[in-house]
Amino acid sequence: MPEIESRIMFELSTTRLVLRDFIVDDWPAIYAMSQASNVVRYQSWLRLTDQAHARDWIGQAIHHNQLQPRQAYNLAVVQATSGNVLGWLGWGRTSDRSRGDYNFGYALLPKVWNQGYMTEALQAGLKHMFEDLSAGYVTGECAKSNRGSARVMEKAGMVLVNEWEEPDVASGLTEINCRYGLQMQQWKVAQQDQTRTK
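Everything in this summary refers to the structure shown in the same document. This one's a predicted model, so the numbers in the text were calculated from it and none came from an experiment. Within each chain, residue numbers correspond to sequence positions counted from 1 in written order. Side-chain atom pairs in this predicted model are given and counted only at pLDDT of 80 or more, local residue features only at pLDDT of at least 70, and totals for whole chains, interfaces and linings cover all residues. Side-chain descriptors were evaluated using all non-hydrogen atoms of the structure, hydrogens and water having been removed beforehand.

Observations regarding the sheet that holds strand β4 (residues 85-93)
By the convention used here, strands pair only if DSSP detects at least 2 bridges between them. Note on conventions: DSSP H or I runs of at least 4 residues are helices, E runs of at least 2 residues are strands, and numbering of each starts at the N terminus. Strand order in the open sheet formed by eight strands is β1-β2-β3-β4-β5-β6-β8-β7, with mixed pairing between adjacent strands. The open sheet has two edge strands with one neighbour each: β1 (11-13) and β7 (159-168). Ignoring which end each strand starts from, the neighbouring axes of this sheet average 25° apart. Two elements, strand β3 (residues 72-79) and β4, share seven bridges in a ladder whose sense is antiparallel. Note on β4: the bridge partner recorded for Ala72 is Gly92. Here a residue-residue contact requires only that any non-hydrogen atoms of the pair lie within 4.5 Å. For helices, the axis comes from a line fit to the C-alpha atoms of the stretch in contact; other axes are also lines fit to C-alpha atoms, and the angle between any two N-to-C directions lies between 0 and 180 degrees. Sheet contacts for helix α4 (residues 117-131): β1, β2 (17-21), β3, β4, β5 (102-108), β6 (137-143) and β8 (173-183); angle to β5, the most-contacted strand, approximately 160°.

Comments concerning the state of the cysteines
Cysteine sulfur pairs qualify as disulfides if the two atoms are within 2.5 Å. Taken as a whole and assessed by the stated rule, the structure comprises zero disulfides. Take Cys142: it sits in no disulfide, and the sulfur closest to it among the cysteines is that of Cys178, at 5.4 Å. Residue classification places Cys142 among the buried positions, given a relative accessible area of 7%. The buried label goes to any residue with under 20% of its type's maximum accessible area, the exposed label to any with over 50%, and the partly exposed label to all in between, with areas taken from a 1.4 Å probe on protein chains only.

Looking at the pattern of salt bridges
Salt bridge, as used here, is a side-chain nitrogen of Lys or Arg placed within 4 Å of a carboxyl oxygen of Asp or Glu. Scanning the model with the defined rule gives ten salt bridges in all. Among the salt bridges present, the one from Arg70 reaches Asp21, with a minimum N-O distance of 2.6 Å. Of this pair, Arg70 sits in the loop between α3 (51-66) and β3 while Asp21 sits in strand β2, placing them 49 residues apart in sequence. Grouping residues by exposure puts Arg70 and Asp21 together as buried. Here Glu131 ties to Lys127 by a salt bridge, and the two come within 2.8 Å at their closest N and O atoms.

Concerning unusual backbone geometry
For the bond from Gln68 to Pro69, the omega torsion is 0°, close enough to zero to count as cis. Tracing the backbone shows Pro69 in the loop between α3 and β3. Its identity as a non-glycine residue notwithstanding, Asn114 has a phi of 65°, on the positive side. One non-glycine residue, Ser134, adopts positive backbone phi at about 55°. Within the fold, Ser134 resides in the loop between α4 and β6.

As for helix α5 (residues 147-155)
Along an α-helix, residues three or four positions apart point the same way, because every turn accommodates 3.6 residues. Residues of α5 that are buried: Ser149, Ala150, Val152 and Met153. All buried residues of α5 fall inside an arc of 150° around its axis, so they share one side. Tucked into the core, α5 has its buried residues touching β5, α4, β6 and β8. Trailing α5 by a residue or two, Gly157 shows a phi angle of about 95°, which is positive. Think of the arc as the fan of directions from the helix axis to the C-beta atoms.

Remarks on the packing of α4 against α5
Orientation of α4 relative to α5, taken along the N-to-C sense of each, is 45°, at an axis distance of 9 Å. Classed by the angle they form, the pair α4 and α5 counts as oblique. When the axes of α4 and α5 are compared, the crossing they make is right-handed. The residues of α5 that touch α4, namely those facing Met118, Thr119, Leu122 and Gln123, are Val152, Met153 and Lys155. Basically, the charged four are Asp, Glu, Lys and Arg, the nonpolar ten are Ala, Val, Leu, Ile, Met, Phe, Trp, Tyr, Cys and Pro, and anything else, Gly included, counts as polar. Each residue belonging to the contact of α4 with α5 can be placed in one class, and the counts come to four nonpolar, two polar and one charged. Throughout this description, any angle smaller than 35 degrees is read as roughly parallel, any larger than 145 degrees as roughly antiparallel, any in the 65 to 115 degree range as roughly perpendicular, and the remainder as oblique. Definitions for this section: a left-handed crossing has its near helix turned counterclockwise from the far helix by less than a right angle. A right-handed crossing has that turn clockwise.

Shown next, in the form of structure tokens:
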């Protein structure tokens, strides 16, 4: 793979977070998540064996972010006050229309779980997908046993639309997976409701 030029082309801000394109120096956060058993149980792409693989993953993410026309958004979830990378949020166009116009995934360092960071990040991502990318339907998936991940999507206004069994060859487990979805019109109604209650 050619040398990657690391530059930030995309950025979103929330109350506590900055969501931005990955840069080369972000690899330690990816490696840290890859070493957390409670993260990699549900994120097969994070089963990286060493730091070199984490660097390679970052390089691939940067490469895909820079393709034009842009199809993928692999973003570092950064704590605004400290500049620390807390996790990853990514979305891209889908070829399977049952999975919507865009499908997303995310992972967060366990030390910052249960503080609302990922819900805050996902809400910003959904806003961008609906308002700026003109998505009509967006989906995300998680294992049914991963209740924390499901709650992130539920708090962001998404609804359960499908369940299915899927074996994880590496772990030897068979998980029930859940797909959550959100239509643009549902999102708009939720935004109007929030505005009225403020």
